[in-house]
Amino acid sequence: MISETEEERYLVIVDDSEEDAELTTRVLKSGKLITSVVHFSDGAAALDYFFSASFRRPPILMLLDLDMPKVGGLEVLRKIKQDELKKHIPIVIMSSCGDDNVVRESYSLGVNGFVRKHVQFERFKQEMLCVGDFWLRTNYYPGNHNLTDQ
């Protein structure tokens, strides 16, 4: 499941939709924005990884769905952002939810971005490329060497 190397940048997708995770992975890889993707199909599995002894280094980005079995996205967000060693991980919520209260709560918990998933393939693809271009190529933070540095 976890297949990144010590040097390789990796992206985490936490989404119970295999189809959405696969599509996102294909779009970002075809855009040459990332090569290593780790997918968790529920929030509990993601938290198990992030808070396990085997967790060595943070991903460059986490794409997080809201509605998942076992542990929902807001709880994953809350736990990651409350941890001193993990709170700097950029997290973007990818959800079909358009409830302003949920969006406000996400930002109050520390989410870095909120993107609505679209069902129309071309629009979804363009949004994933925009998200990927910013967070994987343009954004820079300590310890993150983006694609323009390589």
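Refer to the structure above for everything that follows.
Just so it is clear, the model here is predicted, and its values are computed rather than measured. (Residues numbered from 1 in each chain as written. Predicted model: local features only at pLDDT ≥ 70, side-chain atom pairs only at ≥ 80, totals over all residues. Heavy atoms only, no water.)

A.B. asks: Can you help me understand the sheet that holds strand β4 (residues 91-95) in this one?
C.D. replies: Note: strands within a sheet are paired through backbone hydrogen bonds, in either parallel or antiparallel orientation. Taken in spatial order, the five strands make up an open sheet running β2-β1-β3-β4-β5, and their pairing is parallel. Only two strands of the sheet have a single partner each, and these edge strands are β2 (36-40) and β5 (113-116). Here the strands of the sheet are splayed against their neighbours by 20° on average, with no regard to which way each runs. Note: strand β1 (residues 10-14) against strand β3 (residues 61-64), four bridges, orientation parallel. Pairing of Val14 across the sheet is with Leu64, part of β3. Sitting on the sheet, helix α2 (residues 43-50) is in contact with β1, β2 and β3, with an inclination near 145° to β1. (Pairing = 2+ DSSP bridges. Helix = DSSP H or I, 4+ residues; strand = E, 2+ residues; numbered from the N terminus. Axes fitted to C-alpha atoms, helices over the stretch in contact; angles between N-to-C directions. Contact = heavy atoms within 4.5 Å.)

A.B. asks: Looking at this structure, I do not really get unusual backbone geometry. What am I missing?
C.D. replies: One non-glycine residue, Lys32, lies in positive phi territory at about 55°. Position of Lys32 among the secondary structure elements: in the loop between α1 (18-30) and β2. Among the residues examined, Lys32 registers a relative accessible area of 66% and is labelled exposed. Despite not being glycine, Lys70 has its phi angle at roughly 70°, a positive value. Relative to the helices and strands, Lys70 is located in the loop between β3 and α3 (73-82). (Buried < 20%, exposed > 50% of the residue type's maximum accessible area, 1.4 Å probe, protein only.)

A.B. asks: Would you mind going over α1 with me for this structure?
C.D. replies: Think of an α-helix as turning once every 3.6 residues; residues three or four places apart then point the same way. For α1, with 13 residues, the first-to-last C-alpha span of 18 Å sits near the 18 Å given by 1.5 Å per residue. Every buried residue of α1 is listed here: Asp20, Ala21, Leu23, Thr24, Thr25, Val27 and Leu28. Just downstream of α1, Lys32 is the residue with a positive phi angle, here 55°. (Expected span 1.5 Å × (residues − 1).)

A.B. asks: Before we go on, may I ask you to explain the packing of aromatic side chains in this structure?
C.D. replies: Here the distance between the centres and the angle between the planes together describe a pair of aromatic rings. In the structure shown here, the tally under the stated rule is five aromatic pairs. When the centroid spacing of 5.2 Å and the interplanar angle of 65° are considered together, the rings of Tyr49 and Phe50 count as edge-to-face. Taking the relative accessible area as the measure of exposure, Tyr49 reaches 7% and is therefore buried. A relative accessible area of 0% places Phe50 in the buried class. Ring centres of Phe134 and Trp135 lie 4.9 Å apart, and the angle between their planes is 90°; on these two criteria the pair is classed as edge-to-face. With a relative accessible area of 13%, Trp135 lands in the buried category. By way of ring pairs, the aromatic residues Phe40, Tyr49, Phe50 and Phe55 are connected into one cluster. (Phe/Tyr/Trp six-rings, centres within 6.5 Å; stacked < 30°, edge-to-face > 60°.)

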